[in-house]
Amino acid sequence: MISDLPVGLSARHLAHEDHPRVLGVLDTWWGGLKGAAGATERALLLPRLYFQHFATSSFVVEHDDGGIAAFLVGFLSQSEPDTAYVHFVGVDPSLHGQGVGRALYQAFFGLSQSHGRRYVHCITSPENAASQAFHTRLGFTASAVKPDYDGPGIDRVTFTIDLTANPVTTCRQ
Ligand SMILES: CC(C)(COP(=O)(O)OP(=O)(O)OC[C@H]1O[C@@H](n2cnc3c(N)ncnc32)[C@H](O)[C@@H]1OP(=O)(O)O)[C@@H](O)C(=O)NCCC(=O)NCCS
């Protein structure tokens, strides 16, 4: 499904059973970003419905022993026919910098293009400098910080990439 992963890792689409496993790694993988409030925010961002109704546009990466190594939760926009959206992505910190995040995005870009989607959008919190650097490196254009974007006091940076201007190098589902 995604061939350009480090040795010992393989990818598949998300499944119902992955819900508790993914929730279980969020705080460690996000390094406790924003403390208890951040932990609550992250858990609420991934209710089970994503694992039920967005499974075929989302991916999980596992080690050979079945341990979770990375995930990407995304979907094709229902209201914007040229757009797809990455909702949440995480890579085990011990694997950072090895191209796993890029491989997940490339897979999602390929899936999006195969469904006629030109743009991919996503957001991150202004505090998440690593996420901003990563998305910029992948070719996304970042907005300025948008105050109260997701509600009072919940600021966000938004990202957009035009897939026709950023050729997908791997195109697999
Ligand atoms: C952001 C994240 C997904 C990146 O995953 P990754 O597998 O480490 O990223 P990759 O190795 O595929 O890196 C892809 C490119 O981004 C760059 N990059 C990744 N993290 C970076 C960082 N912290 N600072 C600067 N550049 C970075 C890499 O150098 C690489 O560039 P290159 O291919 O031109 O050399 C990962 O750090 C993560 O899971 N962070 C915690 C969760 C999170 O913040 N998720 C995003 C918000 S929902």
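Residues numbered from 1 in each chain as written. Predicted model: local features only at pLDDT ≥ 70, side-chain atom pairs only at ≥ 80, totals over all residues. Heavy atoms only, no water.

A word on the packing of helix 1 (residues 18-29) against helix 2 (residues 35-44)
Then comes step 1: Helix 2 packs onto helix 1 with a crossing angle of 150° between their chain directions and a minimal axis gap of 10 Å. Judged by the inter-axis angle, helix 1 sits roughly antiparallel to helix 2. Handedness of the helix 1/helix 2 crossing: right-handed. For the pair helix 1 and helix 2, contact is made by L23, L26 and D27 and by A39, R42 and A43, respectively.
Then comes step 2: Class assignment of the residues belonging to the contact of helix 1 with helix 2 gives a composition of 4 nonpolar, no polar and 2 charged. (Axes fitted to C-alpha atoms, helices over the stretch in contact; angles between N-to-C directions. Helix = DSSP H or I, 4+ residues; strand = E, 2+ residues; numbered from the N terminus. Parallel < 35°, antiparallel > 145°, perpendicular 65-115°, else oblique. Left-handed = near helix turned anticlockwise from the far one by under 90°. Contact = heavy atoms within 4.5 Å. Nonpolar A, V, L, I, M, F, W, Y, C, P; charged D, E, K, R; others polar.)

Quick word on the environment of S131
Then comes step 1: Here S131 lies in helix 5 (residues 129-137).
Then comes step 2: By relative accessible area, which is 12% here, S131 ends up buried.
Then comes step 3: Spatially, the C-alpha atom of S131 lies 9.5 Å from that of V89, the residues being 42 residues apart in sequence. (Buried < 20%, exposed > 50% of the residue type's maximum accessible area, 1.4 Å probe, protein only.)

Re the pattern of salt bridges
Then comes step 1: Applying the stated criterion to the full structure yields 10 salt bridges.
Then comes step 2: Here R21 ties to E62 by a salt bridge, and the two come within 3.0 Å at their closest N and O atoms. With a gap of 41 residues between them, R21 in helix 1 and E62 in strand 2 (residues 59-63) connect regions that are remote in the sequence.
Then comes step 3: When its relative accessible area of 28% is taken as the criterion, R21 is described as partly exposed.
Then comes step 4: Salt-bridge contacts for D150 lead to R156; the nearest nitrogen and oxygen are separated by 3.1 Å.
Then comes step 5: A single salt-bridge network, built from bridges that share partners, covers K34, E41, E127, D150 and R156. (Salt bridge = Lys/Arg side-chain N within 4 Å of Asp/Glu carboxyl O.)

Examining the packing of helix 4 (residues 100-114) against helix 5
For any two helices packed against each other, one specifies the crossing angle of their axes together with the interaxial distance.
Then comes step 1: Close contact between helix 4 and helix 5 brings their axes to 11 Å; oriented N to C, the two are set at 55°. One element, helix 4, and the other, helix 5, form an angle in the oblique class. Remark: the crossing between helix 4 and helix 5 carries right-handed chirality. For the pair helix 4 and helix 5, contact is made by G101, R102 and Y105 and by F134, H135 and R137, respectively.
Then comes step 2: Class assignment of the residues belonging to the contact of helix 4 with helix 5 gives a composition of 2 nonpolar, 2 polar and 2 charged.

Quick word on the nonpolar core
Then comes step 1: In terms of nonpolar packing, the biggest core is built from 32 residues, with L104, Y105, V120 and F140 touching the most fellow members.
Then comes step 2: Broken down by secondary-structure element, the contributors of at least two residues to this core are strand 1 (9-13), strand 2, strand 3 (68-76), strand 4 (83-91), helix 4, strand 5 (119-124) and strand 7 (157-162).
Then comes step 3: Here this core gets 8 residues from one element, more than from any other, and that element is helix 4.
Then comes step 4: Formed by 17 residues, the second largest nonpolar core is a distinct cluster that contains L26, F71, V73 and F75. (Core = buried A, V, L, I, M, F, W, Y, C linked by side-chain atoms within 4.5 Å.)

Regarding the site of the ligand
Then comes step 1: Close to the ligand lie 21 residues, the nearest being V91, G101, R102, N128 and R137.
Then comes step 2: The contact in question runs from a nitrogen atom of the ligand to an N or O atom on the backbone of V89, over 2.9 Å.
Then comes step 3: The backbone of G99 places a nitrogen or oxygen atom 2.8 Å from an oxygen atom of the ligand.
Then comes step 4: Alone, the ligand offers 920 Å² of accessible surface; in the complex the protein occludes 75% of this. (Near = heavy atom within 4 Å. Polar contact = N/O pair within 3.5 Å; in protein donor to acceptor, adjacent residues only side chain to side chain. Areas by Shrake-Rupley, 256 points an atom, 1.4 Å probe, with all protein chains shown as cover.)

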